[in-house]
Amino acid sequence: MVAPALHIVTDVMEWHHEGFTDAQLWLNLAAFLPMPLLLLGIHSVQVPKPGAAGLLGALLYGVAFAYFTYTTIYALVEHVPTYEELWKRLGVVYTFFGGLMVSGGLLFGWSAYRARWFPRPAVLLFSLGIIVNLVLAILPAPDILQIVGSAMRNLGLMAMGYAILHRKPAQFAG
């Protein structure tokens, strides 16, 4: 729950400062470090397991966030001032990994929705946030709207984390 919440904070900081700051990037790095394994962990607690599609989605999402962690380190080391500048430097590769995040996240979300282990509103919020981010990446829109999509995705992850923390131990058994 902490990493997605911290990611929301860093998005707001970036928007407020109209670009990157060292503090924002360091906090973003702290938020992104656990993200490559986050969906894999969420996938692993579901009983019954949502299947190969859910696992593949978690892995794709994780690979994307491993790359996004690198981009945060790159922005820190190279003193990249804004997301727009970061995208100019990493464009095609960044876009590829964005596609992995979207496809992996939607595959995971669909699989988790079908498994019915998590509250459906949490899974829908996560998936809808990914769709909002995809649509806003295609259409020209103000940066604040990208923050809305990311916040929805992260709130969905936080709600899934909350559901895990409030399950009884017997609900984890197969």
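For the structure, see preceding data.
Structure report, in brief.

Cut-offs applied
- All chains use their own residue numbering, which begins from 1 and follows the written sequence.
- For this predicted model, a pLDDT threshold of at least 70 governs which residues receive local features, and a threshold of 80 or more governs which side-chain atom pairs are given and counted, while totals over whole chains, interfaces and linings are taken from all residues.
- Side-chain metrics in this entry use all non-hydrogen atoms of the structure; hydrogen atoms and water are not considered.
- Put simply, a nonpolar core is a bunch of buried Ala, Val, Leu, Ile, Met, Phe, Trp, Tyr and Cys residues held in one set by side-chain atoms that sit within 4.5 Å of each other.
- Accessibility here uses a 1.4 Å probe with only protein chains present; expressed as a share of the type maximum, an area under 20% marks a residue as buried, one over 50% as exposed, and anything in between as partly exposed.
- We call two residues contacting when some pair of their heavy atoms lies within 4.5 Å.
- Secondary structure follows DSSP: runs of H or I at least 4 residues long count as helices, runs of E at least 2 residues long count as strands, and numbering of each begins at the N terminus.
- Given the number of residues in a helix, its expected span is that number minus one, multiplied by 1.5 Å.
- Orientation is described by lines fitted to C-alpha atoms, with helices fitted over the stretch in contact, and by angles between N-to-C directions that extend from 0 to 180 degrees.
- Comment on the angle field: the value is read as roughly parallel under 35 degrees, roughly antiparallel over 145, roughly perpendicular from 65 to 115, and oblique elsewhere.
- Two helices that cross are described as forming a left-handed crossing if the nearer one is turned anticlockwise from the farther one by less than a right angle, and a right-handed crossing if clockwise.
- Polar here means any residue outside two lists: the nonpolar Ala, Val, Leu, Ile, Met, Phe, Trp, Tyr, Cys and Pro, and the charged Asp, Glu, Lys and Arg; Gly therefore counts as polar.

Description of the nonpolar core
Tyr61, Phe68 and Met160 are the most contacted members of the largest nonpolar core, which has 37 residues in total. Setting aside residues up to four positions removed in sequence, phenylalanine 68 forms contacts with Phe32, Tyr94, Phe97, Gly98 and Met101.

Thoughts on helix α1 (residues 2–17)
Look at α1: 22 Å from first C-alpha to last across 16 residues, which is about the 22 Å you get at 1.5 Å a residue. Along α1, the positions that sit buried rather than exposed are Ala3, Pro4, His7, Ile8, Thr10, Asp11, Met13 and Glu14.

A look at the packing of helix α5 (residues 83–115) against helix α6 (residues 120–138)
As a packed pair, α5 and α6 sit with axes 9 Å apart at the nearest point and diverge in direction by 160°. Relative to α6, the element α5 is oriented roughly antiparallel. For the pair α5 and α6, the crossing hand works out as left-handed. Along the contact surface, α5 presents Met101, Val102, Gly105, Leu106, Phe108, Gly109, Ala112 and Tyr113, while α6 presents Arg120, Val123, Leu124, Phe126, Ser127, Ile130, Ile131 and Leu134. Of the residues contributing to the contact of α5 with α6, the split by class is 12 nonpolar, 3 polar and 1 charged.

What about the side chain of asparagine 133?
Examined against the element boundaries, asparagine 133 turns out to sit in helix α6. The class for asparagine 133 is buried, based on a relative accessible area of 7%. Beyond its immediate sequence surroundings of up to four residues, asparagine 133 is in contact with Gln146, Gly149, Ser150 and Arg153.

Focus: unusual backbone geometry
The phi angle at glutamate 18 is positive, at roughly 55°, despite the residue not being glycine. You can see glutamate 18 is positioned in the loop between α1 and α2 (22–32). By relative accessible area, which is 72% here, glutamate 18 ends up exposed. Positive phi outside glycine occurs at arginine 116, with the angle close to 60°. As for its placement among the helices and strands, arginine 116 is situated in the loop between α5 and α6. Among the residues examined, arginine 116 registers a relative accessible area of 60% and is labelled exposed.

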